[in-house]
Amino acid sequence: MSTEPTTASTTERSLVLVKPDGVRRGLTGTILARIEAKGYRIVALQQCEATEAELAAHYAEHEGKPFYPPLLEFMASGPLVAVVIEGERCIEGFRSLAGTTDPTTAAPGTIRGDLGRDWGLKVQQNLVHGSDSPESAAHEIGIWFPSL
Ligand code: IDP
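Residues numbered from 1 in each chain as written. Predicted model: local features only at pLDDT ≥ 70, side-chain atom pairs only at ≥ 80, totals over all residues. Heavy atoms only, no water.

1. Things to note about the nonpolar core
Grouped together as the largest cluster of nonpolar side chains are 20 residues, with contacts concentrated most on Leu15, Leu17, Met75, Leu80, Trp144 and Phe145. Residue contributions to this core peak at five residues, all from helix H4 (residues 68–75). Those residues within four positions of Met75 in sequence are excluded, and the remaining contacts are Leu17, Lys19, Pro20, Ala50, Leu55, Tyr59 and Leu80. Among the nonpolar cores identified, the runner-up in size contains 19 residues, and Val18, Tyr40, Val81 and Ala98 belong to it. (Core = buried A, V, L, I, M, F, W, Y, C linked by side-chain atoms within 4.5 Å. Buried < 20%, exposed > 50% of the residue type's maximum accessible area, 1.4 Å probe, protein only. Helix = DSSP H or I, 4+ residues; strand = E, 2+ residues; numbered from the N terminus. Contact = heavy atoms within 4.5 Å.)

If you want it as structure tokens, here you go:
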């Protein structure tokens with residue numbers, strides 16, 4: 001008799017940030033509701049003011065790019081909400097729910113497409129961050145939730 005499972009489990013965790021623009025605009029609840037409506041479980045959640053060290057670790061891949069200094073300044077401009085979500089293929093699923101980076105052209109139906117816009121600033125204020133791979137999810141969850 002075969003011992004192969006009938007489905008391939010792909011349960012993952014992803015690190016989501018409601019960025020300071022999302023908190024400032026009072027959209028935290030709306031964004032969390034969309035995550036839950038999609039069917040992902042919220043495993044951990046905290047509102048905090050990010051430290052420079054947390055932001056430098058989180059955005060290390062962008063160091064040296066023109067938008068890096070305004071990005072760090074923006075991410076430190078007010079409280080953000082860090083969330084760990086869990087579900088089958090939730091890394092890809094949340095990226096799809098968030099929409100593409102530029103909120104002006106992000107597809108309607110996505111968080112960025114429905115709720116975001118361009119404000120004529122040096123950095124795109126696009127409401128949310130979501131991990132882009134299992135490796136970055138593990139790294140980012142370690143930054144924001146070291147006890148998990
Ligand atoms: P992502 O958040 O969609 O994964 P990344 O390329 O990881 O996009 O960029 C991190 C963040 O930096 C973006 O969410 C956005 O806020 C900002 N950003 C990225 N590219 C640009 C740009 O070309 N101009 C201004 N801001 C940018």
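2. Here's the deal with the side chain of Asp21
Within the secondary structure layout, Asp21 lies in helix H1 (residues 20–24). A polar contact is formed between the side chain of Asp21 and the backbone nitrogen of Asn126, at a distance of 3.4 Å. For Asp21, the contacting residues outside a window of four places in its chain are Phe74, Gln125, Asn126 and Leu127. (Polar contact = N/O pair within 3.5 Å; in protein donor to acceptor, adjacent residues only side chain to side chain.)

3. Some details on the pattern of salt bridges
Evaluated as defined, the whole model comprises four salt bridges. For Asp114, the salt bridge identified is with Arg34, shortest N-O distance 3.2 Å. Of this pair, Asp114 sits in helix H6 (residues 111–115) while Arg34 sits in helix H2 (residues 28–38), and the two are 80 residues apart along the sequence. The closest approach of N and O atoms between Arg41 and Glu86, which form a salt bridge, is 2.9 Å. Residue Arg41 is located in strand E2 (residues 41–48), and its partner Glu86 is located in strand E3 (residues 80–88); the two are separated by 45 residues in the primary sequence. Residue Glu86 is classed as buried on the basis of its relative accessible area, which comes to 18%. Each of Arg13, Arg41 and Glu86 takes part in one network of salt bridges that share partners. (Salt bridge = Lys/Arg side-chain N within 4 Å of Asp/Glu carboxyl O.)

4. Concerning the site of the ligand
In the vicinity of the ligand, the contacting residues are Lys19, Tyr59, His62, Phe67, Leu71, Arg95, Thr101, Arg112, Lys122, Val123, Gln124 and Asn126. The separation between an oxygen atom of the ligand and a polar side-chain atom of Arg95 is 2.8 Å. A distance of 2.7 Å is found between an oxygen atom of the ligand and a backbone nitrogen or oxygen belonging to Gln124. In the complex, the protein chains occlude 77% of the 530 Å² of accessible area that the ligand would expose alone. Judged by the fraction of its atoms near the pocket grid, the ligand is located in the largest pocket. Classifying every residue of the shell around the ligand by side-chain character gives four nonpolar, four polar and four charged. (Near = heavy atom within 4 Å. Areas by Shrake-Rupley, 256 points an atom, 1.4 Å probe, with all protein chains shown as cover. 1 Å grid on protein atoms, 1.4 Å probe; cavity = no way out; pocket = protein on both sides within 12 Å on 5 of 7 lines; lining within 4 Å. Sits in = over half its atoms within 2 Å of the grid points. Nonpolar A, V, L, I, M, F, W, Y, C, P; charged D, E, K, R; others polar.)

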